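# Breakdown of the fold
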Amino acid sequence: MTLMKSAVYGLAGACLASQAFAADITIRLAHLNPEDPFQSHSGTMTAVFKSLVESNSNGAIEVQLFANGQLGKDNEVIEQVRGGLVESTISSSGGMAQHYPLVGVFDIPFAFPNIGVASQVMTKESSFGEKFVGDLEAKTGLKVLGLIDSGGFFAFTNSKKPITSVEDMDGLRIRTMTLPTHEAIVSSLGGQPTPLPWAEVYTALQTGVADGQMNPVPVIAFAKFDEVQKYLSITNHVITPYIWTMNPEFYEGLSDEHKTLVNWAAEVATESGRAMSRVIEASENGLPALAAKMEVNVVPPSEQAKFAEAAQPAVRALIEDQYGTEGTEMLDALLSSIEEEKAAY
């Protein structure tokens, strides 16, 4: 970890040293999570992107970072990027769903067998990623710079009891993103979905408005949910994307040289974020720290199969009903890509 910190902060130092004059171009880059690159993968991505772009443009481009949802709710910031008020943002699937509902195809439960397959499929360079990104860009007008998982597989936390079986979900009020697919997952398992924006989650858990929530381990850790939740149940039931977008008019206004720089810096930053999620999960900032404060259980494969049996048909039915043929085709393309990657292992 010390070596990784030195590398990131060394890049930042080189960046600052190169800026002896005012930048000609400013990229305002927003995201929901902590700015510290060792607390969240989007913090890592933005830190690396800023360092690479500023230093390699010789100070001609300045990257201003707005972390922790400073510019508003996720869907609001996407709208700001679409309108040209902000140049770029890294968004959750919950925020993107309000602009591109087909992001919900990723929410088919237990589709991804492991993080290796997820990492191969959930990237803009994969065959499915190219199809997904092309459709998103065509329908939203946004330029996609990166596609990455939101920090790992989702787990459930709650303040009432360990979740060891589908029956334990009965009646639990589980906060979800404002995603119909996530609400369908919780409902199909017997819980009561409680959709809330990210800024309201901690308080909702603290006051009992919601009994629990679902998120990847790194998110649970940096959000300090261990302060307001007693039980952590590792279900690995779903993994969702974060989508990095840029205003297309701004991007097209860049020189060819600066477009190339932005593209490869975003690619390197995205891969850095992917790696940091795995580091956080395994480090003192992730599961070990949560296990010291929470009661942790792992749902065994035999019980996961029962979760899948209850939740998969509900989510597929919702996608078919709400998104029609194009939703079904996108979902089937995703599942086909997953099977291809599984066969490669």
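Preceding this section is the structure that the text describes.
Cut-offs and rules
Along every chain, residues carry numbers that run from 1 in the direction the sequence is written. Only residues with pLDDT of at least 70 get local features here, since the model is predicted, and only at 80 or more are side-chain atom pairs given and counted; chain-wide, interface and lining totals rely on the full set of residues. Heavy atoms throughout the structure, all of them, feed into the side-chain values; hydrogens and water do not. Here an axis means a line fitted to C-alpha atoms, over the contact stretch when the element is a helix, while the angle between two N-to-C directions is reported on a 0 to 180 degree scale. We count a stretch as a helix when DSSP gives it H or I for four or more residues in a row; a strand needs E for two or more, and each element gets its number in order from the N terminus. Left-handed describes a crossing whose near helix is turned anticlockwise from the far helix through less than a right angle; right-handed describes the clockwise counterpart. Residue contacts are counted whenever heavy atoms from the two residues lie within 4.5 Å of one another. Amino acid classes used here: Ala, Val, Leu, Ile, Met, Phe, Trp, Tyr, Cys and Pro are nonpolar; Asp, Glu, Lys and Arg are charged; the rest, including Gly, are polar. For every residue, the accessible area (1.4 Å probe, protein chains only) is compared with the maximum for its type, and the residue is labelled buried under 20%, exposed over 50%, or partly exposed between those bounds. Strands are treated as partners if at least two bridges between them are detected by DSSP. We define a salt bridge as a contact between a side-chain nitrogen of Lys or Arg and a carboxyl oxygen of Asp or Glu at a distance within 4 Å. For a helix, the expected span equals 1.5 Å multiplied by the number of residues minus one. Read the arc as the range of directions from the helix axis to the C-beta atoms. Nonpolar cores were defined as sets of buried Ala, Val, Leu, Ile, Met, Phe, Trp, Tyr and Cys residues, with membership established by side-chain atoms within 4.5 Å. Each angle is binned into one of four classes, with values under 35 degrees roughly parallel, values over 145 roughly antiparallel, values of 65 to 115 roughly perpendicular, and all other values oblique.

### So, the packing of helix 7 (residues 180-188) against helix 13 (residues 301-344)
At a minimum axis separation of 8 Å, helix 7 and helix 13 run at an interaxial angle of 145°. Of the two elements, helix 7 crosses helix 13, and the hand of that crossing is right-handed. Across the interface between the two elements, P180, T181, A184, I185 and S188 from helix 7 touch A310, A311, A314, V315, L318, I319, Q322 and Y323 from helix 13. In terms of residue class, the contact of helix 7 with helix 13 is made up of 10 nonpolar, three polar and no charged.

### Looking at the pairing of strand 8 (residues 212-216)
Within a regular beta strand, the side chains point alternately toward one face of the sheet and then the other, so they alternate between its two faces. With five of five residues buried, strand 8 is to be regarded as a mostly interior element. Here strand 8 shows a buried face lined by G212, M214 and P216 and a second buried face lined by Q213 and N215. In the sheet, strand 6 (residues 173-176) pairs with strand 8 via two bridges, with the strands oriented parallel. Bridge pairing in strand 8 links R175 to Q213.

### A few points about the pattern of salt bridges
As enumerated under the stated definition, the model contains 14 salt bridges in all. The salt bridge involving R278 is made with D149; its shortest N-O contact spans 3.5 Å. Placement of R278 in helix 11 (residues 256-282) and of D149 in strand 4 (residues 143-149) is noted, with a sequence separation of 129 residues between them. With a closest N to O distance of 3.2 Å, K342 and E339 form a salt bridge. Linking K342 with E339, this pair stays in helix 13, spanning three residues, or about one helical turn. On the basis of relative accessibility, which here comes to 35%, the residue K342 falls in the partly exposed class. Each of the salt bridges in this network shares a partner with another, and the network as a whole consists of D135, K139 and E326.

### Examining the environment of I61
Relative to the assigned elements, I61 resides in strand 2 (residues 61-66). For I61, a relative accessible area of 0% gives the class buried. The sequence separation of I61 and D24 amounts to 37 residues, and the corresponding C-alpha distance is 6.1 Å. Every residue in contact with I61, bar those within four places of it in the chain, is listed here: A23, I25, I27, V53, E54, H258 and L261.

### A word on helix 6 (residues 127-140)
Helical periodicity: at 3.6 residues per turn, an α-helix aligns residues three or four positions apart in one direction. If you check helix 6, its first and last C-alpha atoms are 20 Å apart, about what 14 residues at 1.5 Å a residue would give, namely 20 Å. Every buried residue of helix 6 is accounted for by F128, G129, F132, V133, L136 and T140. In a view along the axis of helix 6, the buried residues occupy a sector of 120°, so they form one face of it. Exposed side of helix 6, more than 90 degrees from the buried face: E130 and A138 are the residues found there. In this structure, the buried side of helix 6 is in contact with helix 3 (74-83), helix 4 (93-97), helix 5 (115-121), strand 4, strand 10 (241-246) and helix 13. G141 occupies a position one or two residues after helix 6 and carries a positive phi of about 80°.

### Focus: the environment of S91
Mapped onto the fold, S91 is located in strand 3 (residues 88-92). Taking C-alpha positions, S91 is 5.4 Å from Y242, a pair spaced 151 residues apart along the chain. Once residues lying within four places of it in the same chain are set aside, the contact partners of S91 are D74, I78, P241, Y242 and I243.

### Section: the sheet that holds strand 3
Taken together, five strands build an open sheet; the order of strands is 2-1-3-10-4 and the sheet is mixed. A strand with exactly one partner marks an edge of an open sheet, and here the two such strands are strand 2 and strand 4. Each neighbouring strand pair of the sheet contributes to a mean axis angle of 20°, computed without reference to strand direction. Across six bridges, the pairing between strand 4 and strand 10 is antiparallel. Bridging from a neighbouring strand, D149 pairs with P241 of strand 10. Contacts from helix 3 reach strand 1 (25-31), strand 3 and strand 10 within the one sheet, and its direction differs from that of strand 3 by about 150°.

### Structural notes on the nonpolar core
Judged by nonpolar contacts, the single largest core of 55 residues is most densely connected at F106, F112 and F132. Of all elements in the fold, only helix 3, helix 4, helix 5, helix 6, strand 4, strand 5 (154-158), helix 7 and helix 13 reach the threshold of two or more residues within this core. No other element matches the 11 residues that helix 13 contributes to this core. Not counting residues up to four positions away in its chain, the partners in contact with F132 are Y100, L102, V103, F106, L147, I243 and M330.

### Details of the packing of helix 6 against helix 13
Here helix 6 crosses helix 13 at 155°, and the two axes come no closer than 9 Å. If you check the angle between helix 6 and helix 13, you find them roughly antiparallel. Counted together, S127, F128, K131, F132, D135 and K139 of helix 6 and E326, E329, M330, A333, L334, S337 and E340 of helix 13 form the full contact between these two elements. When the residues that make up the contact of helix 6 with helix 13 are grouped by side-chain class, the tally is five nonpolar, two polar and six charged.

The values are spatial; any link to function lies outside them.
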